[in-house]
Amino acid sequence: MFNSKEYSWSNVHILAFGRRLMEARAVEYKPSREKELIFAAGDKPRGIGYGNKSYSGTLTLLQSGVEALNKLAKDNGYEDITDIEFDLVVAYVPPAGRVTTDTLKYVSITEIPKGMKQGDKFMEVALPFIMLGIE
């Protein structure tokens with residue numbers, strides 16, 4: 001049987017510290033690898049050199065979600081969520097069909113940018129992060 005349905009945002013469940021992040025507005029993550037063209041005689045590349053692999057992303061939350069994570073960090077003796085590492089689970093849960101799960105290993109938030117402008121009805125905070133891998 002052919003199923004043409006794709007995942008939608010309502011099918012995405014994001015979990016951290018054993019709780020679903022209901023304040024999540026967006027998530028994106030990616031693996032990257034350093035690559036470089038290798039030149040020798042002539043003016044055309046002779047190969048491709050491979051370097052280190054890295055992983056990064058952004059978790060976007062409502063301000064209340066950021067404050068809840070910061071409180072959790074503070075309750076455990078840290079200044080804020082930039083001081084801790086944690087697994088972030090991104091599950092794609094369709095109403096019918098197979099669940100797909102990505103576990104982002106040892107996520108480390110690198111900064112907490114905040115801001116609002118006239119007319120805003122809520123604050124959305126995009127938290128950039130690095131991580132050790134995706135399982």
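Residues numbered from 1 in each chain as written. Predicted model: local features only at pLDDT ≥ 70, side-chain atom pairs only at ≥ 80, totals over all residues. Heavy atoms only, no water.

*Asks:* Hey, could you go over the nonpolar core for me, with residue numbers and the actual values?
*Replies:* Counting residues in hydrophobic clusters, the biggest one holds 26 residues, and the most contacted among them are L21 and L88. When contributions to this core are tallied by element, the ones reaching two or more residues are β1 (12-16), β3 (24-39), β4 (45-62), α1 (63-75), β5 (86-92), β6 (100-109) and β7 (124-131). Discounting residues that sit within four places of it in the chain, L88 has contacts with I14, L15, A16, L21, L59, D102, T103, L104 and V107. (Core = buried A, V, L, I, M, F, W, Y, C linked by side-chain atoms within 4.5 Å. Buried < 20%, exposed > 50% of the residue type's maximum accessible area, 1.4 Å probe, protein only. Helix = DSSP H or I, 4+ residues; strand = E, 2+ residues; numbered from the N terminus. Contact = heavy atoms within 4.5 Å.)

*Asks:* Explain unusual backbone geometry to me, and be specific about the residues and the numbers.
*Replies:* In this structure, F17 is a non-glycine residue whose phi angle is positive, near 55°. Summarising the element assignment, F17 is placed in the loop between β1 and β2 (19-20). Positive phi values are uncommon outside glycine, yet Y106 reaches one of about 50°. On the secondary structure map, Y106 appears in strand β6.

*Asks:* Kindly report on a nonpolar patch on the surface, identifying the contributing residues and their values.
*Replies:* A grouping of L37, F39, I48 and Y50 is seen on the molecular surface, where their side chains present a nonpolar patch of about 450 Å² in accessible area. Elements supplying a minimum of two residues to the nonpolar patch: β3 and β4. Considering the arrangement of structural elements, one finds L37 in strand β3. Overall, the relative accessible area of 45% leaves L37 in the partly exposed class. (Patch = residues over 30% accessible without salt bridge, like charges linked within 9 Å, V, L, I, M, F, W, Y side chains within 5 Å. Areas by Shrake-Rupley, 256 points an atom, 1.4 Å probe, with all protein chains shown as cover. Salt bridge = Lys/Arg side-chain N within 4 Å of Asp/Glu carboxyl O.)

*Asks:* Summarise α1; cite the residues concerned and give the values.
*Replies:* In a regular helix each residue adds 1.5 Å, so 13 residues correspond to 18 Å; α1 covers 18 Å between its end C-alpha atoms and thus fits that length. Those residues of α1 that fall on the buried side of the exposure criterion are G65, V66, L69, N70 and A73. Projected onto a plane normal to the axis of α1, the buried residues spread over an arc of 135° and lie on a single side. Exposed side chains of α1 directed beyond 90 degrees from the buried face belong to K71, K74 and D75. Looking at the buried side of α1, the elements it contacts are β4 and β7. Backbone geometry just after α1 places G77 at a positive phi near 90°. (Expected span 1.5 Å × (residues − 1). Arc of directions from axis to C-beta.)

*Asks:* So what's going on with the pairing of β6? Which residues, and what values?
*Replies:* Two strands pair when backbone bridges link them, and β5 and β6 are joined in this way by six bridges, in the antiparallel orientation. Bridging across to β6, V89 finds its partner in T103. Sheet topology note: the β6/strand β8 (residues 133-134) ladder contains two bridges and is antiparallel. Bridge pairing links L104 to I134 in β8. (Pairing = 2+ DSSP bridges.)

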